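Descriptive structure summary
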Amino acid sequence: MNEERLRQAAHHLLEVERLVVFTGAGASAESGIPTFRDARTGLWARYDPSELATRSGFFRDPGLVWRWYAWRRRLVEEASPNPGHQAIAALERHIGQVTVITQNIDDLHQRAGSREVLHLHGSLLQYKCFEEDAPRLLPEGALEADKPPRCTCGAPLRPDVVWFGEAVPREAWRQALECCQECELMLVVGTSGVVQPAASLPYVVKGYGGKVIEVNPEETDLTQVSDLFLAGRAGEILPRLVEIAFDGRPGGEDR
Ligand code: OAD
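First, a word on scope: everything that follows refers to the structure included in this document.

Criteria and thresholds
Residues numbered from 1 in each chain as written. Predicted model: local features only at pLDDT ≥ 70, side-chain atom pairs only at ≥ 80, totals over all residues. Heavy atoms only, no water. Helix = DSSP H or I, 4+ residues; strand = E, 2+ residues; numbered from the N terminus. Polar contact = N/O pair within 3.5 Å; in protein donor to acceptor, adjacent residues only side chain to side chain. Contact = heavy atoms within 4.5 Å. Near = heavy atom within 4 Å. Areas by Shrake-Rupley, 256 points an atom, 1.4 Å probe, with all protein chains shown as cover. Nonpolar A, V, L, I, M, F, W, Y, C, P; charged D, E, K, R; others polar. Salt bridge = Lys/Arg side-chain N within 4 Å of Asp/Glu carboxyl O. Buried < 20%, exposed > 50% of the residue type's maximum accessible area, 1.4 Å probe, protein only. Expected span 1.5 Å × (residues − 1). Arc of directions from axis to C-beta. Core = buried A, V, L, I, M, F, W, Y, C linked by side-chain atoms within 4.5 Å. Axes fitted to C-alpha atoms, helices over the stretch in contact; angles between N-to-C directions. Parallel < 35°, antiparallel > 145°, perpendicular 65-115°, else oblique. Left-handed = near helix turned anticlockwise from the far one by under 90°.

A short note on the side chain of Thr-99
Summarising the element assignment, Thr-99 is placed in strand E2 (residues 97-102). Polar contacts involving the side chain of Thr-99 include one to the side chain of Glu-116, which spans 3.2 Å. Residues contacting Thr-99, with those up to four places away along its chain left out, are Leu-19, Val-20, Val-21, Glu-116, Leu-118 and Cys-179.

Considerations on the site of the ligand
Near the ligand you find 23 residues, and of these Phe-36, Arg-37, Thr-191, Ser-192 and Asn-216 are the closest. Between Gly-26 and the ligand, the recorded distance is 3.4 Å, taken from a backbone N or O atom to a nitrogen atom. Arg-37 has a polar side-chain atom sitting 2.5 Å from an oxygen atom of the ligand. Relative to its free-state accessible area of 790 Å², the ligand is covered by the protein chains to the extent of 90%. Looking at the shell around the ligand, its residues break down into 9 nonpolar, 10 polar and 4 charged.

Focus on the pattern of salt bridges
A side chain with one charge can pair with a side chain of the opposite charge if their charged atoms come near. Applying the stated criterion to the full structure yields 13 salt bridges. Between Lys-128 and Asp-133 there is a salt bridge, with the nearest N and O atoms lying 2.9 Å from each other. Classification of Asp-133 as exposed rests on a relative accessible area of 52%. Here the salt bridges share partners, and the residues they tie into one network are Arg-55, Arg-158 and Glu-166.

Comments concerning the environment of Gln-196
Here Gln-196 shows up in the loop between strand E7 (185-189) and helix H10 (201-207). Along the primary structure Gln-196 and Val-168 are separated by 28 residues, whereas in three dimensions their C-alpha atoms are 9.5 Å apart. From its side chain, Gln-196 meets the backbone nitrogen of Ser-200 in a polar contact 3.2 Å long.

Quick notes on helix H9 (residues 170-182)
For H9, which comprises 13 residues, the first-to-last C-alpha distance of 19 Å matches the rise-based estimate of 18 Å (1.5 Å per residue) to within 8%. The set of residues buried in H9 consists of Ala-172, Trp-173, Ala-176, Cys-179 and Cys-180. Angular distribution of buried residues about the axis of H9 spans 130°; they occupy a single face of the element.

Concerning the environment of Gly-63
Examined against the element boundaries, Gly-63 turns out to sit in helix H6 (residues 62-78). Expressed as a C-alpha distance, the spacing of Gly-63 and Glu-92, which sit 29 residues apart in the sequence, is 41 Å. Aside from chain neighbours lying at most four places away, what touches Gly-63 is Asp-146, Lys-147 and Pro-148.

Focus: the nonpolar core
Counting 29 residues, the largest nonpolar core has Leu-13, Leu-19, Val-21, Leu-91, Leu-187, Leu-238 and Leu-241 as its most contacted members. With 7 residues, helix H11 (residues 234-246) is the single largest residue contributor to this core. For Leu-187, the residues in contact, after removing those within four places along its chain, are Leu-19, Val-20, Val-21, Phe-22, Leu-91, Ile-213, Leu-238 and Leu-241. Membership of the second largest hydrophobic core comes to 20 residues, among which are Ile-101, Val-205, Leu-222 and Val-225.

A few points about the packing of helix H1 (residues 2-15) against H11
In the contact formed by H1 and H11, the axes pass within 8 Å of each other and the chain directions differ by 60°. The orientation of H1 with respect to H11, classified from their angle, is oblique. The two elements H1 and H11 cross, and the hand of that crossing is right-handed. On H11, the residues that touch Asn-2, Glu-3, Leu-6, Arg-7, Ala-9, Ala-10, Leu-13 and Leu-14 of H1 are Ile-237, Arg-240, Leu-241, Ile-244, Ala-245 and Phe-246. Looking at the contact of H1 with H11, its residues break down into 10 nonpolar, 1 polar and 3 charged.

Just distances and angles here, no functional claims.
Structure, rendered in structure tokens:
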């Protein structure tokens, strides 16, 4: 059944000039980065998000939050893009405009070669001053330290990620909305679609007349809005899709 759906999805891909690929933790799962909501291995299964990904958690125990993000950063640095990331990057060779909108705070899309990547939840590899909300470089050895380093203003530095209760970055959101309004097709890859406002984006695409194709081993909250559901892992489905649509190898490089 997937084969027929893959062919239909490939047919759509061949027709579009503007594509959005909307990704979540599942896109990086095959690179060895845990998702959030997997009951056994998900990040939230081992840790309490309210202690680690909130401002109040950071106030309570800045060292704990600092060490948790340093650990996640190491995981990302040791990981490589998987065939799903590479297939997404390869789409740029065949489709006029491809924008990746990701909820992931890793840089695996860029390392696979995707050029236009909007980070809705920030980046694990960048830091900012907690008070001034402005980008800052890390001093030497900061990632091995027990607590966050201080900005020249005296406030602690924090990873430049979006915590619960915080707004998504204004400019990334503006661009994401614009792309979703203009695209003919959105590929939704590896997200449970439960965190707002990101999860509203497929509805924006539909509202503006675009189609939505979802790739996920499990059905999600977004399956109901999807025109096609491709059951399976991103690293298996996406290379196959690119191959069927464009009759070539997915390619892609880790830069
Ligand atoms: P979730 O952990 O909620 O969902 C991951 C999704 O990926 C699930 O639907 C899985 O079925 C699917 N999945 C797992 N392995 C996959 C694979 N190999 N290929 C394709 N799909 C796979 O992660 P997100 O939806 O990204 O926000 O979570 C959204 C946000 O919630 C995160 O950005 C984070 C979290 O709270 C913040 O930290 C602000």
